[in-house]
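# Structural characterization, general
The residues making up each chain are set out below.
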Amino acid sequence: MPNHPRPTVVITTPLEREHAERIIQAFPKRIELRYRPDLLSPIRFPGDHGDSAWHRTLAQDQEWREILATRP
């Protein structure tokens with residue numbers, strides 16, 4: 001079986017850390033998970049998709065774009 005690069009999964013919406021950890025535990029060698037909650041809108045309540053008034057700083061936005069552009 002050929003050795004293929006692992007797909008990269010980027011979490012792009014607020015998600016509680018324990019859920020991100022469960023994803024990593026479920027697929028430890030099958031995916032590369034990129035989870036950067038510091039670059040996402042803070043969670044206000046369970047199931048929230050973030051505050052539309054929140055914005056990244058210019059430095060955070062550049063870092064976010066680099067994460068999204070990275071290929072395995």
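Source: prediction; values computed, not measured.

The rules behind the values
- Within any chain, residue numbers begin from 1 and follow the written order of that chain's sequence.
- The model is predicted, so local features are restricted to residues of pLDDT at least 70 and side-chain atom pairs to those at 80 or more, both for listing and for counting; the totals for chains, interfaces and linings are taken over all residues.
- With hydrogens and water stripped out, all remaining heavy atoms of the structure feed into the side-chain values.
- For the purposes of this entry, the term helix denotes a DSSP run of H or I that reaches at least four residues, the term strand denotes a run of E that reaches at least two, and both are numbered from the N terminus.
- For a compact globule the rule gives 2.2 Å times the number of residues to the power 0.38, and the radius of gyration it is set against comes from C-alpha atoms.
- Here a polar contact is recorded for every N or O atom pair within 3.5 Å, except that within protein the pair must consist of a potential hydrogen donor and a potential acceptor, and residues adjacent in sequence are included only if both atoms are side-chain atoms.
- Residue contacts are defined here by distance: any two heavy atoms, one from each residue, within 4.5 Å place the two residues in contact.
- One side-chain nitrogen of Lys or Arg within 4 Å of one carboxyl oxygen of Asp or Glu is enough to make a salt bridge.
- Whether a residue is buried, partly exposed or exposed follows from its accessible area with a 1.4 Å probe, protein chains only, as a fraction of its type maximum: under 20%, in between, or over 50%, in that order.
- Values of pLDDT, ranging from 0 to 100, describe the predictor's confidence in every residue of the model.

### Some points on the overall build of the protein
When helices and strands are tallied, the protein shows two helices and two strands. Starting at the N terminus and ending at the C terminus, the protein contains elements arranged as β-α-β-α. The C-alpha radius of gyration computed for the protein amounts to 14 Å, which surpasses the reference 11 Å derived for 72 residues by more than 25%, pointing to a less compact arrangement than a globule. The dimensions of the protein, computed from C-alpha atoms along their principal axes, are 50 × 25 × 15 Å.

### Examining the side chain of Ser41
One can find Ser41 in the loop between strand 2 (32-34) and helix 2 (58-69). From its side chain, Ser41 meets the backbone nitrogen of Asp51 in a polar contact 2.6 Å long. Setting aside its immediate chain neighbours within four residues, Ser41 contacts Pro14, Gly50, Asp51 and Trp54.

### A closer look at the pattern of salt bridges
Under the defined criterion, the tally for this structure stands at five salt bridges. Here Arg34 makes a salt bridge to Glu32, at a shortest N to O gap of 2.8 Å. Residue Glu32 is classed as partly exposed on the basis of its relative accessible area, which comes to 27%. Of the charged contacts, one joins Glu63 and Arg36 as a salt bridge, the two residues approaching to 2.4 Å between their closest N and O atoms. Of this pair, Glu63 sits in helix 2 while Arg36 sits in the loop between strand 2 and helix 2; the two residues are 27 residues apart in sequence, bridging distant segments of the chain. Among the charged side chains, a salt-bridge network with shared partners connects Arg36, Asp38 and Glu63.

### Notes on the confidence of the model for the protein
When pLDDT is averaged across the protein, the result is 88; 96% of the residues are at 70 or more. Mean pLDDT per element in the protein: strand 1 (residues 8-10) is the minimum at 91, and helix 2 is the maximum at 94.

### Some words on the side chain of Arg34
In this structure, Arg34 sits in strand 2. A polar contact is formed between the side chain of Arg34 and the side chain of Glu32, at a distance of 2.8 Å. For Arg34, the residues in contact, after removing those within four places along its chain, are Thr8, Val9, Val10, Ile11, Ile67 and Thr70.

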